[in-house]
Every structure is written in C-alpha cells, then in structure tokens.
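Below, each chain spelled out in residue letters.
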Amino acid sequence: MELEETLANKFYVIKHQESKNYKGHFAQSVGVYGLAVYPAPLPSIPASDDANKAGLGVVQQLSPKSWLFNRHSRQLVNEAMNTFRNLQSIVEDATPSEGEDPLDITPALINKSREYRSMLQACVCSLNSDLDDLNPSTEQYQEMAGQCQLLYKMELLLGLMEIIFVDARPGSLILSQLVCWVRLHYPSCTENMVTIIEEPEPAEHGLYWQTVSISNLFTYWQTVSTSNLFTYWQIIYELVCQGRLSDARQLLHQHPHSHSDAFIAMEEILRKMPTYQAYSGVSEGEFLVRWQHWQGECVMRLQVGEFAAWGHLKKLAEILSGNAASILSVTTLSNDVGGRSGGSWVPHLLASLLFTQPNITLHRLHDAATRAVAECRANLSDLDNILLTAMQGDSLQVIRWCQKTLDNLWLSAHLTDLLYHAVTSQQSTYPLLTAMRESVLQDYALELADHPSLWQVGLVYLDYCGPSGLRDASPLTSMLLERVPLTSDAKAHKVISMAEQRNLDDVVRGVCRVMGRRAANEGRLAAAIWWAVRAKDAPFTSHTAHQVLHRYLSSGEFQSSALLLDHLGPAMLLSDTLTFLGKYREFHSLYLRGDHKRAADLLVTLIASKLAPQYFWPVLLLDVLPLLQQADDAPDSEEGQEVVVSAAHTYELMYCLNTVIENVKRESSCDKGSEEAQHSGLLRAFHERETELRSCLAHNLARAIVMEGSTDAAVSRSNISAA
C-alpha cells in the first residue's frame, strides 16, 4: 500500500462472492503500515446461530512482519542510529564556510561503513549463539537461521558497496580490496585449515588423508560422502584461489613429501607471486610486468613437466597459470554458499581475476563478473542481481533492489545516506540520489515510528531528511510526535522533551492539553492545572481552577492542590480564576500564620477586584466571619486596638452579602438550576449564619468608624501642634 493511501485513513472493502451470507470485510489503515480488518454487519444470519456468529465482533490488526523488531535486532537499530547521527555531525562540521576549501570526509565515511558492517556481524554472532541452544526442527530455529542468512547477505552487499562507491579510487586497481572482501565472507577454507593445523599429528587428520589417486577416482566418488568432499588438496586450492598463499604454503609443509623437489618448487612459486598494494611504492605498470614474468615462469615449469608426478601439484600449477577449466573445477566446489542462496560465482570471479586479470579496475569489473556468472552457469538470485548491479555502478538501482527484496529499510536507509555523502564529498551533484535519500529516510523513520518503543529512533532520521540536516528537518516530525500514544506521564514528558529540542511549540502545547484533560477526567486536578499552565492554555486553566473551587466547596480543603498552589509563582497570572485560586490559597497561609490584618485585606481585595467567582462569595463571607468575631471577642488586646477589617472593606463585604442574597432569591424564584444548587449544604450553612454575619458586619462597621475617626482626630491634633 502506498504511503499516501495509508495517511489518508481510507477504508477498503474485501468481498467474497461465493458465500451467500458473507457481506465482506472492512479494512481501515492503522498507523503507517498496519490495517484493522473487521467483518461487515451480517443481518441475515440468525442470532442463535453461534457457528455463523463466531468472530463477527473481532477486529484483527494486520501489520507486516519484519526481523527489525525482534530481540536480536534491537541493539542493531540503536547502534546504527548513533552511528548515523555521528556521521551527520561529522558532515556538518566538515561543511566549508564561504571561501574555504571543503574537507575530505572519505575516511570518516569508510569508518562509518565498517561500523555498520561490524554491527551486522555482531548480530549474526548473537543469532548463532542462540541457534546452538535450539532444536533445528523447530519453527523458531528456521526463522532465526533465515534471519542469520539475511544479515550475512546484507553485510556482503554493504562491503561491496564500500569498495565500489565509498572507498572508490578512480583508475586504480581494486583487486586487493576484492580479495579482502571475499576472504571475509567465504572463510570455510581457512576454518578447515585451522582444524588440520591444530591437530597434534596433522598427517593423521581425516581431512588430510581424504585424497585419492586418479586410478581410484571412480571408486572414491562412489564411496565418499558429500560432507567429506573438501579434502586436503581442495582446501589448498581454495586458499590459493583467495590469494592466501602463505596459508597454502603452510599447509603444504604438512604433507609427508613436502621435502621433495616438486613441493619445494611449488612453495617457491607461491612465495614469489607478486601482489599489488596501493601505497607500496610500486606503480601499476611495474606490478603488471612483475606479475606477467611470474606467471610466465609458472607456465614454463608446468610445460617442462616439473609437476607431472604429482597430479594435485600439477592442477595447482594450472590454476596459477590461469587455466580457466582448472579454476572453474575448484571454485564450483566451494562450500561457503551451500546454505546461502546466491553469490556462488563470487569465488570464481576472484580466482579468475587473480590469475588472469590482476589489473582489474572499476569500469571493467561488471564485464568480468558477467563472464564469471556465465562460466559458473549460476541461476541468478536476488542477491546475485544486486551484486551485479553494484558492480555495474548503478547505485540507485541497488537501492531499489534492496527496497524490493528486503522486508524493512534498515540497509536501504543507511546505504543511501552513505552514497549521498560519498557523492557530495566528491563535489558532485546527483539530484535523484538526494531525493531518494530523503524519501528512504522518511520511510524508514515512519517504519520505526510504528513500533511502540522505537519512535524516538525514527525521530533522529527525520531530523536529517533534508539536505541541510537539522536546519531543514522533515515536517513529518511534528506529525509523528502528535501521534505517539501517551500511555503515561513519563512518555508524555519524553515527547515534550523531543518537541522542545526541535522548537515544536505547537506539539508541546498539544501534549500538555491532552495530558491535562486526561488528568482532569481522572480527578487529578493538581496535575491538570500543572499541564494547563505548561501548555499556556488560559481557557483550560480557568476551567480546571473552577473545578478545584467546586471541589473545595464540597470538601472544604484543597487536598493535593495545596502544594501546587503554594508554588505557582508568576504562572498564576495565566487566567483570572487561577490568580484568584492562588491568592485565596495565600489568604489561608496568612490566616494560619496569624497575620489577620493582611489576610482580611487580601480577602476583601479578591472580592472587590471581581477575581472571585460569584458562586464562591458565600465561602469568602464565611471566611471573614472568624476575623470579625475575633475582633469583637478581644477588644482590650493589642490586636483589638487595631481594626482588622476597615470601614471601606466592611462596606464591600456588605455589598457582597446583599448581592449573594439577591442572586439566591432571583434564582429561586426563576427555579433555575444554579451552580450553588450543587452545594446545598454550603448554602444552608450560609443562610443559617446570615443574621450572625450581618450583626458582625454592623458591629465592625461601627467600631471601624469610631477607631478610624479617633485616629484621624489624633492625626489632625498632632498636625496642628506641629504647625
């Protein structure tokens, strides 16, 4: 399914024409690559028919299966992400400023490519260690073995791409690089050699003596098992075909007749074979002359019959002389590819190049590979097609093949990124590769985002989708963050942190609003206020503050909200209701500390400023009653000499009391369901103490007028005396 169709959230109808009662299934896209499939309604099926009803209400979620999300690949994904991010940082640091020469990042690209390969090899080792504990007949074993082969192929391809595109040396010989590549991925000859050498008596090892004479060849092929085909001499042939001449010489020394003239002559030929190294100080032309002289000596010794008495040494000399038939007869018996589909012609290609075309260059590699495939008569697999395409130099087609054959985009994404930086480091432009890199990285990031625990890794790749890295991040980042399931507060904080790092303020606000509303629905009002303040959402902050006030009306305490209200600070100014809530909490703190004067002033100020909702005024009037009573009960105390509630504030409280009574009467006459109706207990308490409240207000007003008048007279007399 195309990505555009998935994002459009389309519905698909699946019908089956052969069934009469079956009305089809609906399929709806879920996430990026998933489908939710459920049956259509079946009204014609009787309700009592349990067999027909089975599974009608079940929704099946379908998603593509990939090895990328299993236990062994988790470390591969995370380590590859770190390597990818480090490479982008290196590229950004190497970007030249205006007027500066660009820095060569080819060594860094080679190192990162080898890091990717080492990750794949480590994953293969982990799988192999677990395979040893499983039964080969189980499905889990088969699945893990298939994954192991797949990772091997990926590492094989990545090694070849590194040689051809990343570590490319235009016009230079590449045979030494191909030799290292083949040796790494076809190691059975070395493993068998080590098995023989490690024996106390190598000449007594079974592999050593699995040799036959020409006269007994027919009997040998009839009696020997397939697992024993790789004899002592076959191992030597393979070592020579991979350019492991020192190992072949070491194994020849284990032969009982190693001191004979023929063996000594062969050891001399193997020792004298020239090899080309890029930084050895030998030019390509000089190397070719030396190699031609050496092979001429091999041909001459073969023609004079120096190895005629030893058939295996003669065949080895024919291989060194470049005899195509002898090379083919040896390389087609290689057991490295026995369990792997594809790549069987690669050893033959290397052997042919070693002994017929050592001066091979990149632009002639594809022709040589095509000849090797034809000579081996190999049935081309997907791996073979990808390898041939890489040798042809078509990087875009290699990426397309990888996308087509692999069940995920791990290799395609990292390979495209390496190729893109390799091209740009050579000061070349490749618009198609640039567009493909952005597309593949986005698809890989969305693939990771569909996993519940890998969405953070996907964000890293989205950050570098654009050609300018973080300065040109993908717009899909905000879409991805908005669709991350917020299953806990910790996950919400993680999403917010990711969004803040990328300056996505809208995402931060959206997550805070979602978490705030969830907390409010769960009754966690303190958390709801915190999320609303962080989102800077004034309407929702006011709504949550009203909920806290209503809870206070019913319970008479702030409960868990008290600690938050004590530390709101400037954030309380986000909404009027929250400001009132914070100041009302401050009133309680002043009252508990005994600062009654400031507490009364603050309370009346809240009423006069209209910050307090009118449904909360009865509570404020009941709160001021203890202050009024305290002043009346202690007229001779030090506090009684000072008016706690001034005359002006007393007038405000009287106005507030009259307003509350009028509102209650008006709403009662209209028979309206008010907010106060939800708190009948509070209204009852207010009505019961209304007379007491009026009396206290009247006494406080008279006392305040007298006290304030006395104070004003004393001040006037002191001013006259001073004059």
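Conventions we followed
Residues numbered from 1 in each chain as written. Predicted model: local features only at pLDDT ≥ 70, side-chain atom pairs only at ≥ 80, totals over all residues. Heavy atoms only, no water. Helix = DSSP H or I, 4+ residues; strand = E, 2+ residues; numbered from the N terminus. Buried < 20%, exposed > 50% of the residue type's maximum accessible area, 1.4 Å probe, protein only. Contact = heavy atoms within 4.5 Å. Areas by Shrake-Rupley, 256 points an atom, 1.4 Å probe, with all protein chains shown as cover. Polar contact = N/O pair within 3.5 Å; in protein donor to acceptor, adjacent residues only side chain to side chain. Axes fitted to C-alpha atoms, helices over the stretch in contact; angles between N-to-C directions. Parallel < 35°, antiparallel > 145°, perpendicular 65-115°, else oblique. Left-handed = near helix turned anticlockwise from the far one by under 90°. Nonpolar A, V, L, I, M, F, W, Y, C, P; charged D, E, K, R; others polar. Core = buried A, V, L, I, M, F, W, Y, C linked by side-chain atoms within 4.5 Å. pLDDT = per-residue confidence, 0-100. Phe/Tyr/Trp six-rings, centres within 6.5 Å; stacked < 30°, edge-to-face > 60°. Lys NZ or Arg CZ within 6 Å of the ring centre and 35° of its normal. Salt bridge = Lys/Arg side-chain N within 4 Å of Asp/Glu carboxyl O. Expected span 1.5 Å × (residues − 1).

## Some words on the overall build of the protein chain
Argument step 1. Check the secondary structure of the protein chain and you find 33 helices and four strands.
Argument step 2. Per-residue burial over the protein chain gives 46% buried out of 723 residues.
Argument step 3. Contacts spanning at least 24 positions in sequence make up 64% of the contacts within the protein chain whose residues lie at least 6 apart.
Argument step 4. Accessible surface, the protein chain: about 36200 Å² in total, of which carbon and sulfur atoms supply 52%.

## A look at the side chain of R502
Argument step 1. Within the secondary structure, R502 sits in the loop between α23 (489–501) and α24 (505–521).
Argument step 2. Reaching out from R502, the side chain makes a polar contact with the side chain of D463 at a distance of 2.6 Å.
Argument step 3. Residue contacts for R502: discarding those within four places in its chain leaves L459, V460, D463 and T477.

## Description of the packing of helix α9 (residues 232–241) against helix α10 (residues 245–252)
Argument step 1. Remark: α9 packs on α10, axes separated minimally by 8 Å, with the N-to-C direction vectors making an angle of 160 degrees. As judged from the angle between their axes, α9 and α10 are roughly antiparallel. Regarding α9 and α10, the two cross each other, and that crossing is left-handed. Contacts between α9 and α10 involve Y232, W233, I235, I236, L239 and V240 on the former and, on the latter, L245, D247, A248, L251 and L252.
Argument step 2. In terms of residue class, the contact of α9 with α10 is built from ten nonpolar, no polar and one charged.

## Describing the nonpolar core
Argument step 1. With 150 residues, the main nonpolar core has W181, W345, W410 and Y461 as its most contacted residues.
Argument step 2. Counting residues per element, this core draws most heavily on helix α5 (residues 139–166), at 15 residues.
Argument step 3. Among residues more than four places away in sequence, those in contact with W410 are L68, L76, V77, A80, Y116, L120, M154 and Y444.

## Observations concerning the environment of F26
Argument step 1. As for its position among the elements, F26 is in strand β2 (residues 25–30).
Argument step 2. Taking the C-alpha atoms as reference points, F26 and A36, ten residues apart in sequence, are found 8.1 Å from one another.

## Structural notes on the side chain of H348
Argument step 1. When you line up the elements, H348 lands in helix α15 (residues 346–356).
Argument step 2. Those residues in contact with H348 that lie beyond four places of it in its chain are I327, L328, T331, A372, E375 and C376.

## A few points about the confidence of the model for the protein chain
Argument step 1. For the protein chain, mean pLDDT is 78; residues scoring 70 or higher make up 76% of the total.
Argument step 2. This stretch, residues 42–48, has a pLDDT under 50; its non-local contacts, to residues over four places away or in other chains, come to ten contacts.
Argument step 3. pLDDT under 50 marks residues 672–680. Its contacts with residues more than four places away, or in other chains, come to eleven contacts.

## Looking at the packing of aromatic side chains
Argument step 1. Following the criterion strictly, the structure yields 14 aromatic pairs and no others.
Argument step 2. Ring centres of F587 and Y591 lie 6.3 Å apart, and the angle between their planes is 35 degrees; on these two criteria the pair is classed as tilted. A residue pair is termed a helical-turn pair when its members lie 3 or 4 positions apart in one helix, as F587 and Y591 do in helix α28 (residues 576–593) at four residues.
Argument step 3. Members of the aromatic cluster, connected to one another through ring pairs, are F580, Y584, F587, Y591 and F616.
Argument step 4. The ring of W401 has K404 sitting right over it, with the charged end atom 5.0 Å from the ring centre.
Argument step 5. The ring of F540 carries the charged tip of R517 above its face, separated from the ring centre by 4.3 Å.

## Overview of the pattern of salt bridges
Argument step 1. Considering all chains together, one arrives at 24 salt bridges under this definition.
Argument step 2. For R71, the salt bridge is made with D130, and the minimal N-O distance between the two is 3.2 Å. Note that R71 is positioned in the loop between β4 (60–62) and α3 (74–94) and D130 in helix α4 (residues 106–131), a separation of 59 residues in sequence.
Argument step 3. Overall, the relative accessible area of 62% leaves R71 in the exposed class.
Argument step 4. Taking relative accessible area as the criterion, D130 reaches 21% and is therefore assigned partly exposed.
Argument step 5. Across the salt bridge formed by D595 and R598, the nearest N and O atoms sit 3.4 Å from each other.
Argument step 6. A cluster of three or more residues bridged by salt bridges with shared partners is formed by E268, K272, E297, R301 and E306.

## Re helix α26 (residues 538–555)
Argument step 1. In a regular helix each residue adds 1.5 Å, so 18 residues correspond to 26 Å; α26 covers 26 Å between its end C-alpha atoms and thus fits that length.
Argument step 2. Among the residues of α26, F540, T541, S542, T544, A545, V548, L549, H550, Y552 and L553 are the ones counted as buried.
Argument step 3. Between the side-chain oxygen at the start of α26 and the backbone nitrogen of F540 there is a gap of 3.4 Å, and the oxygen is on D537.
Argument step 4. With its phi angle positive at about 80 degrees, G556 sits one or two positions after the end of α26.

## Examining the packing of helix α16 (residues 362–376) against helix α17 (residues 382–392)
Argument step 1. Here α16 crosses α17 at 150 degrees, and the two axes come no closer than 7 Å. Classed by the angle they form, the pair α16 and α17 counts as roughly antiparallel. In contact with L362, L365, H366, A369, T370 and V373 of α16, α17 contributes L388, M391 and Q392.
Argument step 2. The class makeup of the residues in the contact of α16 with α17 is six nonpolar, three polar and no charged.

## Some words on the environment of I110
Argument step 1. Within the fold, I110 resides in helix α4.
Argument step 2. I110 gets classed as buried once you look at its relative accessible area, which sits at 10%.
Argument step 3. On a C-alpha basis, the gap between I110 and E162 in space is 7.1 Å, while along the polypeptide they are 52 residues apart.
Argument step 4. Discounting chain neighbours no more than four positions away, the residues touching I110 are E162, V166 and D167.

## Concerning unusual backbone geometry
Argument step 1. We note that R377 has phi near 50 degrees; this positive angle belongs to a residue other than glycine.
Argument step 2. Looking at the element boundaries, R377 is found in the loop between α16 and α17.
Argument step 3. Despite not being glycine, K536 has its phi angle at roughly 55 degrees, a positive value.
Argument step 4. Overall, the relative accessible area of 66% leaves K536 in the exposed class.

## Topic: the environment of L252
Argument step 1. Topologically, L252 is positioned in helix α10.
Argument step 2. Of the residues examined, L252 reaches a relative accessible area of 2% and is grouped as buried.
Argument step 3. It is 9.1 Å that separates the C-alpha atoms of L252 and M266, two residues lying 14 residues apart in sequence.
Argument step 4. Once you skip the residues sitting within four places of it in the chain, L252 turns out to touch Y232, W233, I236, S258, F263, M266, L270 and L313.

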